[in-house]
Amino acid sequence: MKTITKSKTITGSEAIIQCLLKENVKTIFGYPGGAIMPIYDALYDYQDQIEHILVRHEQGATHAAQGFARVSGKVGVCMATSGPGATNLITGLADAQIDSTPMVCITGQVASHLLGTDAFQETDVVGISMPVTKWNIQITRPEEIPKAIAKAFFIAQSGRPGPVLIDVTKDAQFGKFEFSYEPCSRIRSYIPEPPLDENQITNAAELINNAKQPFVLFGQGVILGDAQQEFKKFIEKAGLPAAWTIMGLSAIEDNHPLNVGMLGMHGNYGPNMLTAECDVLIAVGMRFDDRVTGDVNRFASKAKIIHMDIDPAEISKIIKTDVSILGDCKKTLPLLTKKLKKSVHANWLQKFRELNEEEYDVVGKDELYPSIDKDISMGEVIRRISEKTNGEAVIVTDVGQHQMVAQRFYKYSKWRSNITSGGLGTMGFALPAAFGAKLGAPERTVIAVIGDGGFQMTIQELGTIFQSKIDVKILVLNNEFLGMVRQWQELFFDRRYAFTEMINPDFQTIVKGYHIPAEKVTKREELEGAVERFISSEGSYFLEVMVGKENNVFPMVPTGAAVSEIRLK
Amino acid sequence: MEEKKNTKQQFTVNIYTENKIGLLNRVSIIFTRRHINIESITASESEVEGIHRYTAVITEAEDQVIKVVKQLEKQVDIVKAFYHSNENIVFQEMALFKMPTHSLASSGQVEKLIRSFNARILAIEENFTIIEQTGHKEETQALFSLLKPFGLLEFVRSGRVAITKPMKQFKDHFEEVQAAASL
């Protein structure tokens, strides 16, 4: 085992690898190139300790690192070279920033004497990545490496997690110095967890205890805080109906009696309609995204708002808060639960159920069990996969109609099972995120659910799956359209289908070219057998299902409308 | 009160930071992102060793400024940020005026202006004279207008520097942040 404990003279490159080992990194996603070659050369000697996954495009490395982080709760790590390698990371950084995913990116940079000279593959990646990183730094001397990497890992995973970028000049990679490593646990200007205010807990408890129609909205904060049990105890004690944002999905199981479904634009009828009726709204680890709130001026207008979040900048950013509880919900939820009176709100909960049943009659039934004269629906494919996997798979979705359908109809029964691009809505996210997730949770079945548009944005990552022999089930729901945009064009742009129709290549041939077994379903009677083969395959499998070209996702809250103006058709 | 929060007015934002490369960029991005123009900005050391202090002047609605200040404080290398309306600070700017020396020599008018505006002469050379005036923008602007007809050659005004009226010292805020960072 080659790890250095006592100080010893090594190169900056080797120091980087040593630092990663100290941070317990076992997997890196990356792509070599000129300015990062010394680091790759050092990595070559550590292949027994760190697995490097060679992606096909640096964006793929970032999404893979995100998938890895989201499924495991660990920091995702990626590496890229300077210039185009570094700029290709930007979409993934932005995605990780807006979805609070812990990630450390290391980029090579031209030698320090060349900085600012427009040298070959020089780009100001520290400047470019500043708005999409929690923190970033450029290193020009090897001595700076251990401290910077220690800080990077601390910042990425503490407080509200996020992506961090370290740019290392080539001379800092080559230079030698006395190496020693100390993890970072404190930065004097940085408060990862705001101090607790007991009064706010008392105030919140009083509001909840006196509420007739309390309603909980939960987001990814519950998952990031690893607070599944704490959250359940909280809602169970006071009998609080709880609805999820797409980032909060799978924080509790779908069939939990208090789980009343999905919020927002394509969310369920009950939670959207009753947001307008609740008298106390408790937001836990969520940030009132506009896709969740609809018209903010008419959002939960009868309710007192309690907001629990680790990030003070989220309080009253979108929705004015009456009581804010700052901190990690793993610590704050039990304190609040302790002050709650045991309660059930049976009639109130029943209202959610009734409205959701009404939705099922209008939307769900046809989506999950379409009549035989209709095209295959996305919903019935997801239903079959859900049944076949017992709701226990990790579902990694891309962005668009299939994303909404998967999240609405897959019966998530396990913690940390939903991986998606929420805030940024990055098409092309799913395929790389899925193999990242598989490496982060090798024991689980990982299914990528992708549309025909998004699939082609990172289709080259099939090469990564093939080369690294990663077991990912890839489902493409093909409607030969950019379906969500087409839906909007149909509903709000007089059916003027401006550049949303896709003339696709033969995906079967492409996937087979990567030696991944592939199958295409065009008829309903083929579906059940195909799903069976898809799930039970040893290793990766590609299933393409031709679905109704012009199917729409409902319910839907039109832009600018209040969530209670949700349309069922 | 609500109405007041939604009307734009001038605010001075004080930002206390670590002394790091690129931090000014990170700060300015937070304003730019919300389409807020920075009217003036100065950076200097603060009374606490190793901590730098930026003073930015913006015109914005107070509820927006509150959000901007939180976004600033969220940055890892920013210790603390504050915003103040003009009533809560004592502030000053400095202007330099370059005048042809003959404009002073040929009449007493320029000298009178210098006296009445409490300006002072920093340097006199054969061709030009440099005049310094400190004051609020309206004052330096007034002197600028009055000097212009006498052949003003060059004019520059610094960003605002400001000291707050409340008595709590930054040092105490800094100690609170450091204590919270250790949780």
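Residues numbered from 1 in each chain as written. Chains lettered and ligands numbered in written order. Predicted model: local features only at pLDDT ≥ 70, side-chain atom pairs only at ≥ 80, totals over all residues.

K.L.:
Just to check I follow, could you spell out the overall build of chain A for this structure?
P.N.:
Looking only at helices and strands, chain A features 23 helices and 20 strands. Relative to the 2.2 N^0.38 estimate, which gives 25 Å for 569 residues, the radius of gyration of chain A is 24 Å and therefore close to what a compact globule would have. Reported as C-alpha extents along the three principal axes, the dimensions of chain A are approximately 70 × 60 × 45 Å. Residues counted as buried form 56% of the 569 residues belonging to chain A. Restricting to contacts in chain A with at least 6 residues of sequence separation, those with at least 24 account for 78%. (Helix = DSSP H or I, 4+ residues; strand = E, 2+ residues; numbered from the N terminus. Rg over C-alpha atoms; globule rule 2.2 N^0.38 Å. Buried ≥ 20, exposed ≤ 12 C-beta atoms within 10 Å, placed from the backbone. Contact = placed C-beta atoms within 7 Å.)

K.L.:
Is there a simple way to explain the overall build of chain B in this structure?
P.N.:
Looking only at helices and strands, chain B has 7 helices and 9 strands in total. Overall, the C-alpha framework of chain B stretches about 70 × 40 × 30 Å when taken along its three principal axes. Each of the 183 residues in chain B was classed as buried or not, and the buried ones make up 25%. The contacts in chain B between residues at least 6 apart in sequence include a share of 76% that link residues at least 24 apart.

K.L.:
Is there a simple way to explain the interface of chain A and chain B in this structure?
P.N.:
It is common to give the size of an interface as the accessible area that goes away when the parts come together. The partner chain B presents 20 residues to the 20 residues of chain A that form the contact. The class makeup of the residues in the side of chain A that touches chain B is 12 nonpolar, 2 polar and 6 charged. (Nonpolar A, V, L, I, M, F, W, Y, C, P; charged D, E, K, R; others polar.)

K.L.:
How do you make sense of the packing of helix α1 (residues 12–22) of chain A against helix α2 (residues 37–44) of chain A when you look at a structure like this?
P.N.:
Two quantities define a packed helix pair, namely the angle between the helix axes and the distance between the axes. Residues and elements named next belong to chain A. Look at α1 against α2: their axes get within 8 Å of each other, and the N-to-C directions meet at 55°. Between α1 and α2, the angle falls in the class oblique. Judged by the twist between their axes, the crossing of α1 over α2 is right-handed. From α1, Ser13, Glu14, Ile16 and Ile17 reach across to α2, where they touch Pro38, Ile39, Asp41, Ala42 and Leu43. Across the contact of α1 with α2, the residue classes break down as 6 nonpolar, 1 polar and 2 charged. (Axes fitted to C-alpha atoms, helices over the stretch in contact; angles between N-to-C directions. Parallel < 35°, antiparallel > 145°, perpendicular 65-115°, else oblique. Left-handed = near helix turned anticlockwise from the far one by under 90°.)

K.L.:
Would you explain the packing of helix α16 (residues 378–389) of chain A against helix α23 (residues 524–536) of chain A in this entry?
P.N.:
Residues and elements named next belong to chain A. Look at α16 against α23: their axes get within 10 Å of each other, and the N-to-C directions meet at 50°. One way to sum up the angle between α16 and α23 is to call them oblique. Pair α16 / α23 crosses with right-handed handedness. Every residue of α23 that contacts α16 at Val381, Arg384, Ile385, Lys388 and Thr389 is listed here: Leu527, Glu528, Val531, Glu532 and Ile535. Per-class residue counts for the contact of α16 with α23 are 5 nonpolar, 1 polar and 4 charged.

K.L.:
Quick question: what am I supposed to make of the nonpolar core here?
P.N.:
Nonpolar side chains tend to gather and get buried jointly when the protein is soluble and globular. Ranked by internal contacts, the top residues of the largest apolar core, which has 178 residues, are Leu281(A), Ile306(A), Val396(A) and Ala448(A). The greatest single-element share of this core, amounting to 8 residues, is contributed by helix α7 (residues 145–157) of chain A. Apart from the residues within four sequence positions on either side, Ala448(A) is in contact with Val396(A), Ala430(A), Leu431(A), Ala434(A), Val472(A), Lys473(A), Ile474(A) and Leu475(A). Core analysis: the next-biggest nonpolar cluster, separate from the first, contains 19 residues, Ile15(B), Leu23(B), Val65(B) and Val69(B) among them. (Core = buried A, V, L, I, M, F, W, Y, C linked by C-beta atoms within 7 Å.)

K.L.:
Would you take a moment to explain the pairing of strand β17 (residues 446–451) of chain A for this structure?
P.N.:
For a regular strand, side chains alternate in direction, first toward one face of the sheet and then toward the other. Residue and element names in this part refer to chain A. Here β17 lies mainly inside the structure; 6 of its 6 residues are buried. Side chains Val446, Ala448 and Ile450 project from β17 onto one buried face, and the interleaved Ile447, Val449 and Gly451 project onto a second face that is buried too. Strand direction decides the pairing type here: strand β15 (residues 394–397) and β17, joined by 4 bridges, are parallel. Looking at β17, one finds that Ile395 is bridged to Ile447. (Pairing = 2+ DSSP bridges.)

K.L.:
Is there a simple way to think about the domain arrangement of chain A in this case?
P.N.:
All names here are of chain A. By domain assignment, chain A separates into domain 1 (8–179), domain 2 (198–352) and domain 3 (375–546). The centre of domain 2, based on its C-alpha atoms, is set 31 Å off from the matching centre of domain 3. Of the residues lining the interface, 12 residues belong to domain 2; the matching set on domain 3 comes to 15 residues. Of the residues assigned to the side of domain 2 that touches domain 3, the class counts are 5 nonpolar, 4 polar and 3 charged. (Domains from an automatic or database assignment.)

K.L.:
What am I meant to see in the sheet that holds strand β2 (residues 27–30) of chain A here?
P.N.:
Remark on secondary structure: sheet strands pair via backbone hydrogen bonds, oriented parallel or antiparallel. Residues and elements named next belong to chain A. If you trace the 6 strands from one edge of the open sheet to the other, you get β3-β2-β4-β5-β7-β6, paired in parallel fashion. Of all the strands in the sheet, the pair left with one neighbour each is β3 (51–54) and β6 (135–139). Going across the sheet, the axis of each strand differs from the next one's by a mean of 20°, ignoring polarity. Pairing of strand β5 (residues 103–109) with strand β7 (residues 163–169), which is carried by 7 bridges, proceeds in the parallel orientation. In the strand pairing of β7, Val104 is matched with Val164. On top of the sheet, α7 reaches β5, β6 and β7; it is set at about 165° to β7, its chief contact.

K.L.:
I keep staring at the pairing of strand β7 (residues 128–135) of chain B and nothing clicks. Help me out?
P.N.:
Residues and elements named next belong to chain B. Across 8 bridges, strand β5 (residues 89–100) lies against β7 in antiparallel orientation. Along β7, the bridge assignment pairs Met99 with Thr129. Sheet analysis places strand β6 (residues 120–124) next to β7, joined by 4 bridges and oriented antiparallel. When the sheet's bridge partners are listed, Ile124 is paired in β7 with Thr129. Hairpin connection from β6 to β7: 3 residues lie between these consecutive antiparallel strands.

K.L.:
Where do I start with the domain arrangement of chain B in this structure?
P.N.:
According to the domain assignment, chain B contains domain 1 (2–88 + 165–181) and domain 2 (91–157). For domain 1 of chain B and domain 2 of chain B, the distance between their C-alpha centroids amounts to 32 Å.

K.L.:
How do you make sense of the sheet that holds strand β16 (residues 418–419) of chain A when you look at a structure like this?
P.N.:
All names here are of chain A. Spatially, 6 strands are ordered β16-β15-β17-β18-β20-β19 in an open sheet, and the strand pairing comes out parallel. Strand pairing shows two members of the sheet lacking a second neighbour, β16 and β19 (518–521), which therefore form its edges. Across 6 bridges, the pairing between strand β18 (residues 473–478) and strand β20 (residues 541–546) is parallel. Among the inter-strand pairings, Leu475 is bridged to a residue of β20, identified as Leu543.

K.L.:
What am I meant to see in the environment of Pro432(A) here?
P.N.:
Mapped onto the elements of the fold, Pro432(A) is located in helix α18 (residues 430–440). Leaving out residues up to four positions away in the same chain, Pro432(A) has contacts with Val55(A), Gly60(A), His63(A), Ala64(A), Gly67(A), Thr458(A) and Glu461(A).

K.L.:
Can you walk me through unusual backbone geometry in this structure?
P.N.:
Residue and element names in this part refer to chain A. The omega angle of the peptide bond from Phe554 to Pro555 is 0°, so this bond is cis rather than trans. Note that Pro555 resides in the segment after β20. Look at Phe288: it is not a glycine, yet its phi comes out positive at around 50°. Given 23 C-beta atoms within 10 Å, Phe288 falls into the buried group. Positioned with a positive phi, Asp494 is a non-glycine residue whose angle comes to about 50°. Relative to the assigned elements, Asp494 resides in the loop between α21 (483–492) and α22 (507–513).

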